[in-house]
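Fold and geometry: a report
Residues per chain, in single letters:
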Amino acid sequence: MREFKRTDRVADQLQQELAVLIQREIKDPRLGMVTVSGVNVSRDLGYADVYVTLLGDDDAERIKENLAVLKRAAGFLRSQIAQRIKLRHVPELRFHYDESVARGHKLSSLIDQAVESDRARSGNDDTPPEDER
């Protein structure tokens, strides 16, 4: 039995190549700091769903603008990938915003707030009780 599926290997290679191409080759000034967080390739290698995050931008309008820039550059990126990766058919690129990173930061801050409010309510300032000293 195979350890890795072909679609997984193609997705990993696409993620690496797209990260470099987006950073170095796309010259659109509207494009912010984009990170390719993941790629899912369909079983027939016809489509690749590319998930991106934007560093420091949680504004919905800014996210929409960046996705539009990437969508317009999809043909260029696909042609560049065809030159770099040996595939008979390069998947069509579909870009999506990955909310998991922003959601993770939000949950982390909520947990930190809950811990702080619990400490404030109990009056604990991280000093152990006298019987544990």
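What you are looking at is a predicted structure, and each value in this text was computed from that prediction instead of being measured. Each residue is numbered by its place in its chain's sequence as written, counting from 1. Totals for whole chains, interfaces and linings use all residues, but because this is a predicted model, local features are given only for residues with pLDDT of at least 70 and pairs of side-chain atoms are given and counted only at 80 or more. Remark: hydrogens and water are excluded; side-chain values derive from all non-hydrogen atoms of the structure.

Regarding unusual backbone geometry
Quick note on the threshold: Each helix corresponds to a stretch of at least 4 residues labelled H or I by DSSP, and each strand to a stretch of at least 2 residues labelled E; elements are numbered beginning at the N terminus.
Non-glycine residue leucine 45 carries a positive phi angle of around 60°. Following the sequence through the fold, leucine 45 ends up in the loop between β1 (34–41) and β2 (47–54).

Observations concerning the sheet that holds strand β3 (residues 92–97)
Sheet strands pair via backbone hydrogen bonds, and the direction of the pair is either parallel or antiparallel. Filter applied, for reference: Any two strands are treated as partners once DSSP identifies two or more bridges connecting them. Axes here refer to lines fitted to C-alpha atoms; in helices the fit is confined to the stretch in contact. Angles between the N-to-C directions go from 0 to 180 degrees.
Pairing is mixed across the open sheet formed by three strands, whose spatial order is β1-β2-β3. Single-partner strands in this sheet number two, and they are β1 and β3. Mean inter-strand twist for the sheet, computed between neighbouring axes without regard to direction, equals 30°. With seven bridges joining them, β1 and β2 adopt antiparallel strand pairing.

A look at the layout of surface pockets
As a reminder, the rule being used: Only protein atoms enter the calculation, which uses a 1 Å grid: trapped sets of points that fit a 1.4 Å probe without letting it out are cavities, open sets showing protein on both sides within 12 Å along at least five of seven lines are pockets, and any residue with an atom within 4 Å of a point is a lining residue. Grid points are joined across faces, edges and corners, and a volume is the space filled by probe spheres set on the points. The residue classification treats Ala, Val, Leu, Ile, Met, Phe, Trp, Tyr, Cys and Pro as nonpolar and Asp, Glu, Lys and Arg as charged. All others, Gly included, are polar.
The calculated volume of the largest pocket comes to roughly 190 Å³. As for the largest pocket, its lining consists of 13 residues, and the residues nearest its centre are Ile22, Gln23, Gly32, Met33 and Val34. The element best represented in the lining of the largest pocket is helix α1 (residues 6–24), accounting for four residues. Among the residues forming the lining of the largest pocket, the class breakdown is nine nonpolar, three polar and one charged.

Re the nonpolar core
Rules: The criterion is simple. A nonpolar core is a set of buried Ala, Val, Leu, Ile, Met, Phe, Trp, Tyr and Cys residues joined through side-chain atoms within 4.5 Å. In this scheme, a residue with accessible area under 20% of its type's maximum is buried, one over 50% is exposed, and one in between is partly exposed, where area comes from a 1.4 Å probe on protein chains only. Throughout, a residue-residue contact means that at least one pair of heavy atoms, one from each residue, lies within 4.5 Å.
Grouped together as the largest cluster of nonpolar side chains are 30 residues, with contacts concentrated most on Ile22, Leu77, Leu93 and Phe95. Breaking this core down by element, the ones donating at least two residues are α1, β1, β2, α2 (60–72), α3 (74–84) and β3. Among the elements that take part in this core, α1 stands out by supplying six residues, more than any other. Among all residues touching phenylalanine 95, those that are not within four sequence positions of it are Ile22, Val50, Val52, Leu67, Leu70, Lys71, Ala74 and Leu77.

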